[in-house]
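# A look at the structure
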Amino acid sequence: MRALVLNCTLKPSPETSSTEALARVLTAEFESAGVGTEIVRLVDLDIRPGVESDMGGGDQWPVVREKILAADILVMATPTWMGQMSSVCQRALERMDAFFSETDDAGRSPAMGKVAGVVVTGNEDGAHHIVATVCQPLIDLGFTVPGQSWTYWHLGPGPGPDYTDTDQAHDYSDRVGRNAARNLLFMADLLSGRTFPPQESG
């Protein structure tokens, strides 16, 4: 089983990404269950605007698409900007729109049988709104989104420290993140027929 995190930060490598730091709470839980994980920082790639699987001219989305197709679990990890998901996250969802026309002989999307979750960070409120607006297209695309398959961290409206700058509120976000990873594993397990041992929450 494999898990893929699309880190939709606006910060190119090697800048520190709070979004990636919180996403790693989930990947640590995946890895403890023997699941192979990968984090892709999309802003480091040349991903063209559009709704096709390959927009040509050096477009690097096809590489990401292959990773999505090879994964059992997809996590969309995005910072909060202007109360919304990042533009990078929006672009990734737009590129996955091509799945609607890439169905198999039974009319099923390439996302069918895969599970998805969400990680949100930022200093502004709006995390629940972002979870909702990211999950809706994921469900439309065919991903299964389990209950409680998300986590978020923020310190309310206005400027403030990043997730990596403070330990404030980490207990809640990290605990919810670990449980989100377990819920994603549970559902991926049901869809695949494999079984992972139960783990304690907390």
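No experiment lies behind these values; they were computed from the predicted model shown.

## Remarks on the packing of helix α1 (residues 18–32) against helix α5 (residues 170–192)
Packing of α1 against α5 leaves a shortest axis separation of 8 Å and a crossing angle of 45°. Considering the angle they form, α1 stands oblique to α5. For α1 against α5, the interelement crossing comes out right-handed. Here Leu-22, Val-25, Leu-26, Glu-29 and Phe-30 of α1 come into contact with α5, specifically with Ser-173, Asp-174, Gly-177, Arg-178, Ala-180, Ala-181, Arg-182, Leu-184 and Leu-185.

## Focus: the environment of Ala-92
Structurally, the position occupied by Ala-92 is in helix α3 (residues 87–95). In this structure the C-alpha to C-alpha distance between Ala-92 and Gly-126, which are 34 residues apart in sequence, comes to 20 Å. Dropping the residues within four chain positions of it, Ala-92 is found in contact with Leu-42, Trp-61 and Met-76.

## Here's the deal with unusual backbone geometry
A cis amide bond links Ser-13 with the next residue in sequence, Pro-14, at an omega value of 5°. With respect to the helices and strands, Pro-14 occurs in the loop between β1 (2–7) and α1. The backbone of Gln-148 sits at a positive phi, close to 55°, despite the residue not being glycine. Position of Gln-148 relative to the elements: it lies in the loop between α4 (127–141) and β6 (150–153). The phi torsion at Ala-169 lies on the positive side, around 70°, for a residue other than glycine. Counting through the fold element by element, Ala-169 comes out in the loop between β6 and α5. Residue Ala-169 is classed as partly exposed on the basis of its relative accessible area, which comes to 37%.

## A word on the nonpolar core
Core analysis: the biggest nonpolar cluster contains 32 residues, and Ile-68, Leu-74, Met-76, Met-96 and Phe-143 have the highest contact counts within it. Sorting the residues of this core by element identifies β1, α2 (61–70), β3 (73–81), α3, β5 (115–121) and α4 as the ones contributing at least two each. In terms of residue count, the dominant contributor to this core is α4 (7 residues). Residues in contact with Met-76, not counting those within four places in the same chain, are Leu-6, Cys-8, Cys-89, Ala-92, Leu-93, Met-96, Gly-117, Val-118, Val-119, Val-134 and Leu-138. In this structure, Ala-23, Val-119, Ala-180 and Ala-181 belong to the second largest nonpolar core, which totals 21 residues.

## With respect to the environment of Gly-158
Mapped onto the secondary structure, Gly-158 falls in the loop between β6 and α5. C-alpha separation for the pair Gly-158 and Gln-90, spaced 68 residues apart in sequence, amounts to 23 Å.

## Comments concerning the environment of Lys-11
Note that Lys-11 resides in the loop between β1 and α1. Taking the C-alpha atoms as reference points, Lys-11 and Val-43, separated by 32 residues in sequence, lie 7.0 Å from one another. When residues no more than four places from it in sequence are discounted, the contact partners of Lys-11 are Thr-16, Arg-41, Val-43 and Asp-162.

## Digging into the pattern of salt bridges
A full pass over the atoms with the stated rule returns 10 salt bridges. With a closest N to O distance of 3.0 Å, Asp-104 and Arg-108 form a salt bridge. Because the salt bridges share partners, they merge into one network encompassing Glu-20, Arg-24 and Arg-41.

## Focus on the packing of aromatic side chains
For the structure shown, the criterion picks out 3 aromatic pairs. Taking the centre distance of 6.2 Å and the plane angle of 65° together, the rings of Tyr-152 and Tyr-172 count as edge-to-face. Within this pair, whereas Tyr-152 is found in strand β6, its partner Tyr-172 is found in helix α5, the two being separated by 20 residues in sequence. For Tyr-152, a relative accessible area of 16% corresponds to the buried category. Plain terms: the ring middles of Trp-153 and Tyr-163 are 5.7 Å apart, the flat faces sit at 80° to each other, and that makes the pair edge-to-face. Of this pair, Trp-153 sits in strand β6 while Tyr-163 is found in the loop between β6 and α5, placing the two residues 10 residues apart along the sequence. Put simply, the rings of Trp-150, Tyr-152 and Tyr-172 pair up and form one aromatic cluster.

About the thresholds
- Residues numbered from 1 in each chain as written.
- Predicted model: local features only at pLDDT ≥ 70, side-chain atom pairs only at ≥ 80, totals over all residues.
- Heavy atoms only, no water.
- Axes fitted to C-alpha atoms, helices over the stretch in contact; angles between N-to-C directions.
- Helix = DSSP H or I, 4+ residues; strand = E, 2+ residues; numbered from the N terminus.
- Parallel < 35°, antiparallel > 145°, perpendicular 65-115°, else oblique.
- Left-handed = near helix turned anticlockwise from the far one by under 90°.
- Contact = heavy atoms within 4.5 Å.
- Buried < 20%, exposed > 50% of the residue type's maximum accessible area, 1.4 Å probe, protein only.
- Core = buried A, V, L, I, M, F, W, Y, C linked by side-chain atoms within 4.5 Å.
- Salt bridge = Lys/Arg side-chain N within 4 Å of Asp/Glu carboxyl O.
- Phe/Tyr/Trp six-rings, centres within 6.5 Å; stacked < 30°, edge-to-face > 60°.

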